[in-house]
Amino acid sequence: MGKGMGKGIIADAAVEKYFADLKASTSYILGLLVGQGEFVVHAAMTPLKEDNPDGLMNEDDKDYILDHAEHLNRMVPGGLSVMGMFVVSPSHQTKESHMKMRRTMAAVESRVSEDRLWGFSEEDTNDRKSSKSATWSYLQWMTAFWPVAVCPMDIDLMFPIKDKTRHGLMQAMKDGMMRWAKKTEASVCLLNNKHLPAKTDLNPPTKRNNSQRIKIQGQIFIPTAGGKLGERPSTASVQVCSCILRLKGSLGCRAYMNPARTTAKTTTMYIKRDIIRSVYNSAKNFFEHLINDENSAKAFMVSQPLAKRVFFLVPDTGISLCDYILSSETEAAVQERVREWAGFTIPDGQLHITQQLVQGRLEWHQDSEEGMDSTWVPVYKIQQRRKITMGVAVASGVSLVACLIYSLFLEE
């Protein structure tokens, strides 16, 4: 039924039904896939444009597809990613269509990589496979008992802002986040209060229980300005800056691991990536709101709450996706975004808001003039908060195909 790239793909039985239902459509349908390695956990159809109800895939539609990829990429927790695309076609695919699909997949990967602030790992390299036939298999309730790691924490970050223009503000935020992301990648992580060897399996086959999900508590310790833990902080760096962006508050992070990826090394990597992604998405949301505010400079001289992270279950799975809700938004706004970009409906009352409260503030130097050197000491503090219990309902679900990894074409 499909053509894939690399080794076998494992998907949930619900995904098979989802694609079977889509085959009844007479439109040319594109969609994105969320997964981990060879596992696909969710498939989301790209919404049809109002001015093109018969389907997508014209050259003019590429930006719309990329917007879908960007929005869906913000919704994935640690361990998951937008891993590919699928096509539902009422007619046979031509060679030209295949080439167009591959170009679109390349553009999708490029778009989602723009917000990737971490380096590639061995697992990432192994996930990139050469083009060849793939074998598809389906499992019922596949993700119901995937181990989940949670990591509540506090942050207190300061980034220098030199250029107060809209572009300058966004670039300074991203540059500061990239520096902080490198420190986060190099940080020490305790799992269930222990610093474990990299190859330690947190869910070995001999101890697996198919009726209970393994939950792992993470703690992250990020070095201060000096570098590695245990080193004395370096002297303050002196930079020309007009103001400082300060992000301070608490976060709730989450990561999922498939049964083949439950080593301490992989679990730690997924936790750190979710920390980086969550803080960056909140900060990016903050700046997008800031940039769109005509009185942005004055409006954010006092602390403003960043968007809170909310989790919601993917129907018929054991996996939750997430979104970010502004203090001025209602639950209905999140429900609408999920319907549009993730492709399913969240029942009322099913949004689980994490105990996240991060304040963003632009701090201006009152005793310095424009262009004057001002000393900036970066502050990096992350410590354990009280334990947050994040319930995850039991279900199943996966998705299909892949962006530069797999490709699936459903044809009549």
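About the cut-offs
- Residues numbered from 1 in each chain as written.
- Predicted model: local features only at pLDDT ≥ 70, side-chain atom pairs only at ≥ 80, totals over all residues.
- Heavy atoms only, no water.
- UniProt positions renumbered as here; feature names shortened; annotations may be inferred.
- Salt bridge = Lys/Arg side-chain N within 4 Å of Asp/Glu carboxyl O.
- Helix = DSSP H or I, 4+ residues; strand = E, 2+ residues; numbered from the N terminus.
- Buried < 20%, exposed > 50% of the residue type's maximum accessible area, 1.4 Å probe, protein only.
- Arc of directions from axis to C-beta.
- Pairing = 2+ DSSP bridges.
- Contact = heavy atoms within 4.5 Å.
- Axes fitted to C-alpha atoms, helices over the stretch in contact; angles between N-to-C directions.
- Polar contact = N/O pair within 3.5 Å; in protein donor to acceptor, adjacent residues only side chain to side chain.

As recorded in an unreviewed UniProt entry, the protein goes by Protein odr-4 homolog and comes from Oncorhynchus tshawytscha. Looking at the Subcellular location (unreviewed entry) heading of the UniProt record, one finds this comment for the protein: "Membrane".

1. As for the pattern of salt bridges
As enumerated under the stated definition, the model contains 10 salt bridges in all. Taking the shortest distance from any N to any O, the salt bridge between K284 and E70 comes out at 3.5 Å. Here K284 is found in helix α6 (residues 264-291), whereas its partner E70 is found in helix α2 (residues 62-74), with 214 residues between them in sequence. In the salt-bridge network here, residues are joined through shared partners; they are D67, E70, R74, R111, D115 and K284.

2. Regarding helix α1 (residues 13-22)
Turning to α1, its buried residues number three or more, namely V15, F19 and L22. One side of α1 carries all its buried residues, which in axial view fall inside an arc of 60 degrees.

3. Regarding the sheet that holds strand β12 (residues 308-313)
In spatial order, the strands read β13-β12-β14; together these 3 strands make up an open sheet with antiparallel pairing. With one partner strand each, in any of the chains shown, β13 (320-325) and β14 (352-353) form the two edges of the open sheet. Across 2 bridges, the pairing between β12 and β14 is antiparallel. Residue pairing for β14: F311 is matched across the bridge by H352. Contacts from helix α8 (residues 331-342) reach β12 and β13 within the one sheet, and its direction differs from that of β13 by about 130 degrees.

4. Quick notes on the side chain of R261
For R261, the location among the structural elements is in the loop between β10 (243-256) and α6. Exposure remark for R261: the relative accessible area of 12% places this residue in the buried category. Among the polar contacts listed, one links the side chain of R261 to the side chain of Y270, at a separation of 3.0 Å.

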